[in-house]
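Residues per chain, in single letters:
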Amino acid sequence: MAQFQEVSRQSSLHPKPAGLILQYGTAGFRTNAKQLDHIMFRMGLLATLRSKKTKATIGVMVTASHNPEEDNGVKLIDPMGEMVTPAWEDYATQLANAEQEDLLTALKDIIQKEAINMSQEAHVFVGKDTRSSSASLSQAVLDGVSCLGGLSKDYGLVTTPQLHYMVCCQNTQGKYGDATVEGYYKKLCQAFIRLTKNASNRTDDQKYLCIDGANGIGALKVREMESYLGNELQISLFNDGNKGKLNHQCGADFVKVQQKPPTGVEINPGERCCSFDGDADRIVYYYTGSDGTFHLLDGDKIATLISTYLKELLMQAGLDLKIAVVQTAYANGSSTCYLEDTMKVTVCCTKTGVKHLHHAAQEFDIGVYFEANGHGTVLFSKAAEEKIQQQAEDGNVSDEKKRAALLLQNTVSVINQTVGDAISDMLLIEAILTIKGMTVQQWDAIYSDLPNRQLKVKVADRRVIDTTDAERRAVSPAGLQEAIDGLVKKYRQARSFVRPSGTEDVVRVYAEADTQESADALAHEVSLAVYRLAGGVGDEPKPIH
Ligand code: G16
């Protein structure tokens, strides 16, 4: 077959370094950009097969998100804009790791197992972030698509959630929106303006927001979007990529893990600020107190704000829809208690990775899912959307009910339901604060976080750590969980877990306790246990000062 000959020919231009094995991680392949050319080419092939199989457009995003500039990675997007289905993650790994001479066999194996009709048309949307390696790597994806006869559309520089959105729009024949970046801005910004324009007593102060763009694609896209917002949001954009390095001392991951403000941002006490990550699919908020203290509002606080707002609106609209919040083991213990005990909403815990949270959230009328790191969104079932629409259009309901239903309708429109989206989440949060007349300090005061600490431990092979119970307990190596249990007992309100990262070559350690000193000490002691029992490399973890 001519297509296979073309694959052979082109694959020799994108050769796999012999013996290199890479695993499909939390959100696709991710490592130093120099090792990824063959992976990108092969993911172009795989996306084309997936498109033929599903008879729909598939997305391929070239990004390493929160990782350092020298890394890169790839995220595969399924027809409704969600992360690619797990069965195909396995195919991705097989294809990625086939030695050069075995590539065609691996490809044909997938075609046979999935009974793919090779004469079916294929369409693939491709996007990339601002990393210097992204241009040639996205070309490798396009090469992979074209050798199997697939048709590609190159969106160039876009945020990851924008590409997810485009894929969903395309496959729903425009029902979700126009598959253009302009269509995305128009839909989100118009909904935001409808939500905020009638808010009473909104002061200019409340319209002002300071954004840390992580020196990445999110900064470029916020600049592009500004004109669609009119005067409804006044943005001061920092770390826009003009001088700083991507994700270096800035961005959502830095702010969340280090629990301090990013460099390169001028923050006045009390001012509302937010940080995006490198591909703008995560967001965290923060402010500093007049005494210089740093206050973080992470994914858990965002989920709480959104679910409180939605619950209130549902009540006002007289709609009986079930809301659930989906979290991971990283969720602060205080947030889970507040959601369950005070708000009385169902809370579920899944493994890390938005693909897991997204799936769990689909089980409810309204599923609010957020990782503590600020990655999340809200899903509305089709039935929930229909009920909201009926109520908004029903001539016989009271003004109050109608107003609430209309707010809900516009809230649905401002949300990118395909995946966590820093820009969409930011507009939603800004709208909620406006509608509720709430300051960032009042939002922060909904509950108090338990002090916590996250650390990384380098080990020879992080796969020696295996976990269960949504990653809350380690089943290997032997003795590690017992050691953690013993350490946790020494502290009050304490909890700790470890897990291998799926995006970096490290083991992550999380600890929380009643004081910062205890959380820091526990995190350090658990790191030492990982270092000793799981084959730590380099210097022993040092205590935190
Ligand atoms: C990705 C995933 C997130 C996950 C994060 C960290 O985020 O999409 O769901 O929380 O990696 O994963 P890990 O702890 O396994 O390294 P991003 O924003 O980097 O694409």
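What counts, and at which threshold
Residues numbered from 1 in each chain as written. Predicted model: local features only at pLDDT ≥ 70, side-chain atom pairs only at ≥ 80, totals over all residues. Heavy atoms only, no water. UniProt positions renumbered as here; feature names shortened; annotations may be inferred. 1 Å grid on protein atoms, 1.4 Å probe; cavity = no way out; pocket = protein on both sides within 12 Å on 5 of 7 lines; lining within 4 Å. Helix = DSSP H or I, 4+ residues; strand = E, 2+ residues; numbered from the N terminus. Contact = heavy atoms within 4.5 Å. Pairing = 2+ DSSP bridges. Axes fitted to C-alpha atoms, helices over the stretch in contact; angles between N-to-C directions. Buried < 20%, exposed > 50% of the residue type's maximum accessible area, 1.4 Å probe, protein only. Points joined across faces, edges and corners; volume = space filled by probe spheres on them. Nonpolar A, V, L, I, M, F, W, Y, C, P; charged D, E, K, R; others polar. Near = heavy atom within 4 Å. Polar contact = N/O pair within 3.5 Å; in protein donor to acceptor, adjacent residues only side chain to side chain. Areas by Shrake-Rupley, 256 points an atom, 1.4 Å probe, with all protein chains shown as cover. Sits in = over half its atoms within 2 Å of the grid points.

Draft legend 1. Focus on the UniProt feature "binding site: Mg(2+)" (unreviewed entry) in the chain. The UniProt entry lists S65, D277, D279 and D281 under the feature "binding site: Mg(2+)" (unreviewed entry), expressed in the numbering used here. For this annotated set, covering 217 residues, all C-alpha atoms fall within 8.0 Å of each other, a compact arrangement in space. Those annotated residues that line the largest cavity are S65 and D281. By the element assignment, S65 lies in the loop between strand 2 (57-62) and strand 3 (71-77). Contact partners of S65, with chain neighbours within four places excluded, come to R30, K75, D129, R131, N247, D277, G278, D279 and D281. Looking at the secondary structure, you find D279 in the loop between strand 8 (273-276) and strand 9 (283-288).

Draft legend 2. Spatial organisation of the sheet that holds strand 12 (residues 346-350). Taken together, the four strands give an open sheet; going across it, the order is 12-11-13-14, and neighbouring strands pair in mixed fashion. Edge positions in the open sheet fall to strand 12 and strand 14 (376-380), since each of these has one partner strand only. Within this sheet the neighbouring strands show an average axis-to-axis angle of 20°, counted without direction. Note: strand 11 (residues 323-328) against strand 12, five bridges, orientation parallel.

Draft legend 3. Examining the sheet that holds strand 10 (residues 294-297) more closely. Spatially, 7-6-8-9-10 is the arrangement adopted by the five strands of the open sheet, whose pairing is mixed. Of all the strands in the sheet, just strand 7 (234-238) and strand 10 have a single pairing partner and so form its edges. The mean angle between the axes of side-by-side strands here comes to 30°, regardless of whether they run parallel or antiparallel. Sheet analysis places strand 8 next to strand 9, joined by four bridges and oriented antiparallel. When the sheet's bridge partners are listed, F276 is paired in strand 9 with I283. Each of strand 6 (208-212), strand 7 and strand 8 touches helix 9 (residues 217-225); the most contacted strand, strand 7, lies at about 150° to it. Contacting strand 6, strand 8, strand 9 and strand 10, helix 10 (residues 251-258) runs over the sheet at an angle of about 115° to strand 8.

Draft legend 4. Region of interest: the environment of E6. Mapped onto the elements of the fold, E6 is located in helix 1 (residues 2-11). The class for E6 is partly exposed, based on a relative accessible area of 25%. Taking C-alpha positions, E6 is 45 Å from V326, a pair spaced 320 residues apart along the chain.

Draft legend 5. The arrangement of the environment of A519 in detail. With respect to the element layout, A519 can be found in helix 19 (residues 516-533). Here A519 falls in the buried class, since its relative accessible area comes to 0%. Along the backbone, A519 and V488 are 31 residues apart, and their C-alpha atoms lie at a distance of 9.7 Å. Every residue in contact with A519, bar those within four places of it in the chain, is listed here: P451, N452, R453, A511, E512 and A513.

Draft legend 6. Representation of the pairing of strand 4 (residues 123-128) in the model. Where burial is concerned, most of strand 4 is hidden: five out of the six residues are buried. Sheet topology places strand 2 next to strand 4; six bridges connect them, and they run parallel. Within strand 4, the position partnered with G59 by the bridge is F125. Here strand 4 runs beside strand 5 (residues 151-157); their pairing, made up of six bridges, is parallel. Looking across to strand 5, one finds that K128 is bridged to L157.

Draft legend 7. Examining unusual backbone geometry more closely. In the segment running from S476 into P477, the intervening peptide bond is cis, with an omega of 5°. Position of P477 among the secondary structure elements: in the loop between strand 17 (473-476) and helix 18 (480-488). Although it is not a glycine, A214 adopts a positive phi angle of roughly 60°. Residue placement: A214 occurs in the loop between strand 6 and helix 9. Given the relative accessible area of 0%, A214 is considered buried. Within the chain, E471 stands out as a residue other than glycine whose phi angle is a positive 70°. Mapping E471 onto the fold places it in the loop between strand 16 (466-468) and strand 17. Residue E471 is classed as buried on the basis of its relative accessible area, which comes to 8%.

Draft legend 8. Region of interest: empty space enclosed by the protein. Counted by the stated rule, this structure contains two cavities of 30 Å³ or more. Quantified by volume, the largest cavity comes out at close to 390 Å³. Surrounding the largest cavity, 28 residues form its lining, H66, R282, T352, E371 and N373 being those nearest its centre. Sorting elements by how many residues they give to the lining of the largest cavity places helix 10 first, with three residues. Its residues assigned to classes, the lining of the largest cavity comprises seven nonpolar, twelve polar and nine charged. If you add up the space inside the second largest cavity, you get close to 30 Å³. For the second largest cavity, the full set of lining residues is L46, A47, R50, I58, L76, V84 and W88. Among the elements that take part in the lining of the second largest cavity, helix 2 (residues 37-54) stands out by supplying three residues, more than any other. When the residues that make up the lining of the second largest cavity are grouped by side-chain class, the tally is six nonpolar, no polar and one charged.

Draft legend 9. Broad picture of the site of the ligand. In the vicinity of the ligand lie 20 residues, with T26, H66, E371, S501 and T503 positioned nearest. Contacts to the ligand include E371, whose side-chain N or O atom sits 2.6 Å from an oxygen atom. S501 has a polar side-chain atom sitting 2.6 Å from an oxygen atom of the ligand. The fraction of the free accessible surface of the ligand (460 Å²) that becomes covered by protein chains is 98%. With respect to the detected pockets, the ligand is housed in the largest cavity.

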